[in-house]
Amino acid sequence: MDNRQALGSWLSGPRAAMEEAGADFGYRGEQLGLPEQGPGSIARPGRRLGALAVDWGLCLLIAYGLITDGYGQATSNWALLIFFVTGVLTVGTVGFTPGKRLFGLRVVALETGTVNPLRALLRTVLLCLAVPALIWDRDGRGLHDRLAKTVEVRI
């Protein structure tokens, strides 16, 4: 094995190394019965992070302008509370937050296709804790989505 090939396999990660060895993982969402691309397919991380940034920015703007009248530690705390309330209410009713809608994403339950308010509450609590959202499975779903039995898909 060439040194460049060994370094390349280390940089690309264990999944790429296993695929190079002949393992077939399929596409993201295949095990969940979702299409590979287009509407209904698993949302990519870039879109998800973009939607999260828009939602957080809106919550920060609301907290800054309407509640704390200036930036400080209290602004971040209020923004987190607004993020929580917005997430529970919007995902629990229409299936998306303003940022998700802007990026063409929607949260759906695996069994029913719609998210009930209790699932949205669990998902948002775990998302606000941040750590569960940083642990992903092979389909790209965060731990918060796995525990709430939801998936974020493209519209």
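Since the model is a prediction, treat every value here as computed from it, not as a measurement. (Residues numbered from 1 in each chain as written. Predicted model: local features only at pLDDT ≥ 70, side-chain atom pairs only at ≥ 80, totals over all residues. Heavy atoms only, no water.)

1. A closer look at the overall build of the protein chain
Logical step 1: Each helix and strand in the protein chain was counted, giving 8 helices and 2 strands.
Logical step 2: Put simply, the protein chain runs from its N terminus to its C terminus through helices and strands in the order α-α-α-α-α-β-α-α-α-β.
Logical step 3: Considering only contacts in the protein chain between residues 6 or more positions apart, those separated by 24 or more positions represent 60%. (Helix = DSSP H or I, 4+ residues; strand = E, 2+ residues; numbered from the N terminus. Contact = heavy atoms within 4.5 Å.)

2. Considering the confidence of the model for the protein chain
Logical step 1: Here the protein chain averages 88 in pLDDT, while 86% of its residues score no lower than 70.
Logical step 2: Across the protein chain, the element-wise mean pLDDT spans from 59 in helix H1 (residues 3-12) up to 97 in helix H5 (residues 98-102). (pLDDT = per-residue confidence, 0-100.)

3. Section: the pairing of strand S1 (residues 105-109)
Put simply, side chains in a regular strand alternate between the two faces of the sheet.
Logical step 1: Counted residue by residue, S1 has 4 buried out of 5 residues, so it is predominantly covered.
Logical step 2: Pairing between S1 and strand S2 (residues 150-154): 5 bridges, direction antiparallel. Residue pairing across strands places Ala109 opposite Thr150, the latter belonging to S2. (Buried < 20%, exposed > 50% of the residue type's maximum accessible area, 1.4 Å probe, protein only. Pairing = 2+ DSSP bridges.)

4. Things to note about the packing of aromatic side chains
Logical step 1: Taken as a whole and assessed by the stated rule, the structure comprises 1 aromatic pair.
Logical step 2: Arranged with centres 6.1 Å apart and planes meeting at 65°, the rings of Trp56 and Phe83 form a pair that is edge-to-face. Of this pair, Trp56 sits in helix H3 (residues 45-68) while Phe83 is found in helix H4 (residues 73-93), placing the two residues 27 residues apart along the sequence.
Logical step 3: Taking the ring centre of Phe96 as reference, the NZ or CZ of Arg101 above it sits at 5.4 Å. (Phe/Tyr/Trp six-rings, centres within 6.5 Å; stacked < 30°, edge-to-face > 60°. Lys NZ or Arg CZ within 6 Å of the ring centre and 35° of its normal.)

5. A look at unusual backbone geometry
Logical step 1: Positive phi values are uncommon outside glycine, yet Ala130 reaches one of about 75°.
Logical step 2: Along the polypeptide, Ala130 turns up in the loop between helix H6 (117-129) and helix H7 (131-134).
Logical step 3: Even without being a glycine, Lys149 presents a positive backbone phi close to 55°.
Logical step 4: With respect to the helices and strands, Lys149 occurs in the loop between helix H8 (143-148) and S2.
Logical step 5: With a relative accessible area of 45%, Lys149 lands in the partly exposed category.

6. Here's the deal with the state of the cysteines
Logical step 1: Counted according to the given criterion, the structure contains 0 disulfides.
Logical step 2: With no disulfide of its own, Cys59 lies closest to Cys128 among cysteine sulfurs, the gap being 9.0 Å.
Logical step 3: Its relative accessible area of 22% is what places Cys128 among the partly exposed residues. (Disulfide = S-S within 2.5 Å.)

7. A few points about the packing of H4 against H6
Logical step 1: Running from N to C, H4 and H6 point in directions that differ by 150°, and their axes come no closer than 8 Å. In this view, H4 runs roughly antiparallel relative to H6, as classed from their interaxial angle. The two elements H4 and H6 meet at a crossing, and its hand is right-handed. Of the residues in H6, those in contact with Leu80, Phe83, Phe84, Gly87, Val88, Val91 and Gly92 of H4 are Pro117, Ala120, Leu121, Thr124, Val125, Leu127 and Cys128.
Logical step 2: Taken together, the residues that form the contact of H4 with H6 break down as 11 nonpolar, 3 polar and no charged. (Axes fitted to C-alpha atoms, helices over the stretch in contact; angles between N-to-C directions. Parallel < 35°, antiparallel > 145°, perpendicular 65-115°, else oblique. Left-handed = near helix turned anticlockwise from the far one by under 90°. Nonpolar A, V, L, I, M, F, W, Y, C, P; charged D, E, K, R; others polar.)

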